[in-house]
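Chain residues, written in single-letter form:
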Amino acid sequence: EPEVPSFIASKVSQYSCQRKTTLNNYNKKFTDAFEIMAENYEFKENEIFCLEFLRAASVLKFLPFPVTRMKDIQGLPCMGDRVRDVIEEIIEEGESSRAKEVSNDERYKSFKQFTSVFGVGVKTSEKWYRMGLRTLEEVKADKTLKLSKMQKAGFLYYEDLISCVSKAEADAVSLIVKNTVCTFLPDALVTITGGFRRGKSTGHDIDFLITNPGPEEDDELLHKGLLLYCDIIESTFVKEQLPSRKVDAMDNFQKCFAILKLYQPRVNSNSYSTSKNFDMAEVKDWKAIRVDLVITPFEQYAYALLGWTGSRQFGRDLRRYATHEKKMILDNHALYDRRERIFLKAGSEEEIFTHLGLDYVEPWERNA
Ligand code: TTP
Ligand code: MN
Ligand code: MN
Ligand code: MN
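Thresholds, definitions, all that
- Throughout this document, residue positions are counted from 1 along each chain, in the order its sequence is written.
- Each chain is given a letter, starting from A, and each ligand a number, starting from 1, according to the order in which they appear as written.
- The predicted origin of the model limits local features to residues at a pLDDT of at least 70 and limits the giving and counting of side-chain atom pairs to 80 or more, whereas totals for whole chains, interfaces and linings rest on all residues.
- To obtain the side-chain values, all non-hydrogen atoms of the structure were used and water was disregarded.
- Here a residue is considered near a molecule or strand provided that any single heavy atom belonging to it is located within 4 Å of it.
- Within 3.5 Å is the distance limit for a polar contact, defined as a pair of N or O atoms, with the added protein rule that one can donate a hydrogen and the other accept it, and that residues adjacent in sequence qualify only through two side-chain atoms.
- Surface accessibility follows the Shrake-Rupley procedure with a 1.4 Å probe radius. Residue values consider only the protein chains on display as shielding.
- A run of DSSP states H or I qualifies as a helix once it reaches four residues; a run of E qualifies as a strand once it reaches two. Both are numbered from the N-terminal end.
- Gly is placed with the polar residues, together with every amino acid not listed as nonpolar (Ala, Val, Leu, Ile, Met, Phe, Trp, Tyr, Cys and Pro) or charged (Asp, Glu, Lys and Arg).
- What fixes the domain bounds is an automatic or database domain assignment.
- Only nitrogen, oxygen and sulfur atoms qualify as donors, and only when within 2.8 Å of the metal (3.2 Å in the case of Na, K and Ca); with water excluded, sites may look incomplete.
- Per-residue accessibility, obtained with a 1.4 Å probe over protein chains only, is compared with the maximum for each type, and a residue is labelled buried under 20%, exposed over 50%, and partly exposed between these values.
- For two strands to pair, DSSP has to find at least two bridges joining them.
- As a rule, the C-alpha atoms of each element are fitted with a line to give its axis, helices using only the stretch in contact, and angles between N-to-C directions run from 0 to 180 degrees.
- Each angle gets one of four labels, with under 35 degrees taken as roughly parallel, over 145 as roughly antiparallel, 65 to 115 as roughly perpendicular, and the rest as oblique.
- By definition, turning the near helix anticlockwise from the far helix through less than a right angle yields a left-handed crossing, and turning it clockwise yields a right-handed one.
- Contact between two residues is taken to exist if any of their heavy atoms lie within 4.5 Å; hydrogens are not considered.
- Aromatic pairs are defined between Phe, Tyr and Trp rings, using the six-membered ring for Trp, whenever the two ring centres lie within 6.5 Å; interplanar angles under 30 degrees are classed as stacked, those over 60 as edge-to-face, and all others as tilted.
- A patch consists of residues exposed above 30% relative accessible area that lack any salt bridge, with like charges linked at up to 9 Å and nonpolar side chains (Val, Leu, Ile, Met, Phe, Trp, Tyr) linked at up to 5 Å.
- For this analysis, a salt bridge means a side-chain nitrogen from Lys or Arg found within 4 Å of a carboxyl oxygen belonging to Asp or Glu.
- Neither His nor the chain ends is counted toward charge; the positive residues are Lys and Arg and the negative residues Asp and Glu.
- To locate a charge, take NZ of a lysine, CZ of an arginine, CG of an aspartate or CD of a glutamate.
- For this analysis, a nonpolar core means a set of buried residues of the types Ala, Val, Leu, Ile, Met, Phe, Trp, Tyr and Cys, connected via side-chain atoms within 4.5 Å.

1. Points about the site of ligand 1
Then comes step 1: Inspection of the region around ligand 1 gives 17 residues, with Gly 195, His 204, Asp 205, Met 250 and Asn 332 positioned closest.
Then comes step 2: A distance of 2.8 Å separates an oxygen atom of ligand 1 from a polar atom in the backbone of Gly 195.
Then comes step 3: One nitrogen or oxygen atom from the side chain of Arg 198 is found 2.9 Å from an oxygen atom belonging to ligand 1.
Then comes step 4: Starting from 600 Å² of accessible surface for ligand 1 in isolation, the protein chains cover 83%.
Then comes step 5: Only helix 11 (194-197) and helix 12 (301-309) provide two or more residues apiece to the shell around ligand 1.
Then comes step 6: Classifying every residue of the shell around ligand 1 by side-chain character gives two nonpolar, eight polar and seven charged.
Then comes step 7: In terms of domain composition, the shell around ligand 1 takes at least three residues from each of domain 3 (165-302) and domain 4 (308-365).

2. Details of the coordination of the manganese ion (ligand 2)
Then comes step 1: Within the first shell, the manganese ion (ligand 2) binds the protein through Asp 205 (OD) and Asp 207 (OD), at distances of 2.0 to 2.1 Å.
Then comes step 2: Between the manganese ion (ligand 2) and the manganese ion (ligand 3), a spacing of 5.4 Å is present.

3. Some words on the pairing of strand 4 (residues 206-211)
Then comes step 1: With respect to burial, strand 4 is a largely interior element, six of its six residues being buried.
Then comes step 2: Side-chain alternation along strand 4 places Ile 206, Phe 208 and Ile 210 on one buried face and Asp 207, Leu 209 and Thr 211 on a second face that is also buried.
Then comes step 3: Sheet analysis places strand 4 next to strand 7 (residues 286-295), joined by five bridges and oriented parallel. Bridging across to strand 7, Leu 209 finds its partner in Val 294.

4. Section: the side chain of Ser 96
Then comes step 1: Inspection of the secondary structure puts Ser 96 in the loop between helix 3 (81-93) and helix 4 (97-104).
Then comes step 2: Classification of Ser 96 as buried rests on a relative accessible area of 5%.
Then comes step 3: Among the polar contacts made by the side chain of Ser 96, one reaches the main-chain amide nitrogen of Arg 98 at a distance of 3.3 Å.

5. With respect to the packing of helix 1 (residues 28-43) against helix 2 (residues 47-62)
Then comes step 1: Relative orientation of the contacting elements helix 1 and helix 2 amounts to 160°, with a least axis distance of 8 Å. Relative to helix 2, helix 1 is oriented roughly antiparallel. Crossing hand, helix 1 versus helix 2: left-handed. Between helix 1, through Phe 30, Thr 31, Phe 34, Glu 35, Met 37, Ala 38, Tyr 41 and Glu 42, and helix 2, the contact on the second element is made entirely by Phe 49, Cys 50, Phe 53, Leu 54, Ala 56, Ala 57, Leu 60 and Lys 61.
Then comes step 2: Class assignment for the residues of the contact of helix 1 with helix 2 results in twelve nonpolar, one polar and three charged.

6. Some words on the packing of aromatic side chains
Then comes step 1: In total, this model carries 14 aromatic pairs according to the counting rule given.
Then comes step 2: For the pair Phe 43 and Tyr 108, a centre-to-centre distance of 5.7 Å together with 45° between the ring planes defines the contact as tilted. Here the residue Phe 43 occupies a position in helix 1, and Tyr 108 occupies one in helix 5 (residues 106-115), the gap between them amounting to 65 residues.
Then comes step 3: Residue classification places Phe 43 among the buried positions, given a relative accessible area of 2%.
Then comes step 4: Ring centres 6.0 Å apart and planes at 70° place the aromatic pair Tyr 157 and Trp 286 in the edge-to-face group. Of this pair, Tyr 157 sits in the loop between helix 8 (149-156) and helix 9 (158-162) while Trp 286 sits in strand 7; the two residues are 129 residues apart in sequence, bridging distant segments of the chain. Across this residue pair, the class does not change: Tyr 157 and Trp 286 are buried.

7. Section: the sheet that holds strand 10 (residues 342-343)
Then comes step 1: Read from one edge to the other, the open sheet built from three strands follows the order 8-9-10, with strand pairing classed as antiparallel. Each end of this open sheet is capped by a strand with a single partner; those strands are strand 8 (328-330) and strand 10.
Then comes step 2: Looking at chain direction, strand 8 and strand 9 (residues 335-337) are connected through three bridges and run antiparallel. Bridge assignment links Ile 329 to a residue of strand 9, and that residue is Tyr 336.

8. Notes on a negative patch on the surface
Then comes step 1: Residues Asp 81, Asp 85, Glu 88, Glu 92 and Glu 93 make up a contiguous surface patch of negative charge.
Then comes step 2: In this structure, Asp 81 sits in helix 3.

9. Some words on the nonpolar core
Burial of nonpolar side chains together is a common tendency in soluble globular proteins.
Then comes step 1: Judged by nonpolar contacts, the single largest core of 32 residues is most densely connected at Phe 34, Phe 53, Leu 60, Leu 76, Met 79 and Ile 87.
Then comes step 2: Listing elements by their share of this core, those giving two or more residues are helix 1, helix 2, helix 3, helix 4, helix 5 and helix 6 (122-130).
Then comes step 3: It is helix 1 that provides the largest number of residues to this core, a total of seven residues.
Then comes step 4: In terms of domain composition, this core takes at least three residues from each of domain 1 (9-102) and domain 2 (106-156).
Then comes step 5: Of all hydrophobic cores here, the second largest spans 23 residues; its members include Ile 176, Val 190, Ile 206 and Cys 256.

Dropping the structure here:
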């Protein structure tokens, strides 16, 4: 039995931004079941139950030992009755009958397939399900459906997009994006955010934050070349507006949910590129890769970096902590102190943690 003398359950914070969560998860058995439950509630638009399971998963991801008895979770935050029932059954039976039921549920299985398509969310899935559609084959066969430009791209590159992005591919794309950006903006800073910044070895996409130090903002950058599919969302940020209080707020940066065409290394070659391999005209020698490009003004860079590094749960808890413990409002652009009625400037993530009175948490410890 692992002995963890410094571990005191009742001292574990309910906020994941006050915990250090690495990718080393001792309780995958439990957290996988919770994530299925949470996703099913998300598909049912039951945000409260969804968050309950996501918070519980996040606490167990943080635990430095595997849970083997109910006594192990005594005193921990976020362990409500619904959560405890699942844990108890997994301890006793090895699996959760509720999670198993959900993964075999027709509606869940359909929503899971539908939302695996780029551009398809819960709303569209709901619509298709109500029309009697159950599988992607049925969706593709239905010629009456009006697909968005994004969804068409999602179906066109489906196989590539559901296969994970590797670290090698992320590094290759990173070089390409940096080189391309630098031909337009030589001083620009390009940073990988998202899961790869948290140390994950695979991802569903690659997230980039781009900023140009100095006063000049370049809103032309995204309109220049290189992308297979690109839906540019113009910046809607208004100076002096208060940070958003929504739990899962979208930000107002100019951004682009793109698909990039990455040429695979040729036989006997190791280099990825975005130019064609002419001697291999017969075989598909490229892979479609999902890339998120976010452009931020330099003075908002630290806030954008913190927000886009995630994890999603870590970000939610940072904002919840700011609101409930500090009377502040945090989003991807700014931090507003409601008592002092001022915006708190930050040039680094460390400064944001300091403003919030939190110990610094490294990116690889934000896998909540
Ligand atoms: P994702 O790319 O969805 O997630 P991820 O990189 O953690 O994991 P994956 O390997 O599946 O890609 O989002 C990255 C972070 O960006 C996430 O913490 C939430 C944040 N985000 C925003 O802040 N605003 C947005 O509009 C979106 C889409 C994401
Ligand atoms: Mn990502
Ligand atoms: Mn994701
Ligand atoms: Mn992303």
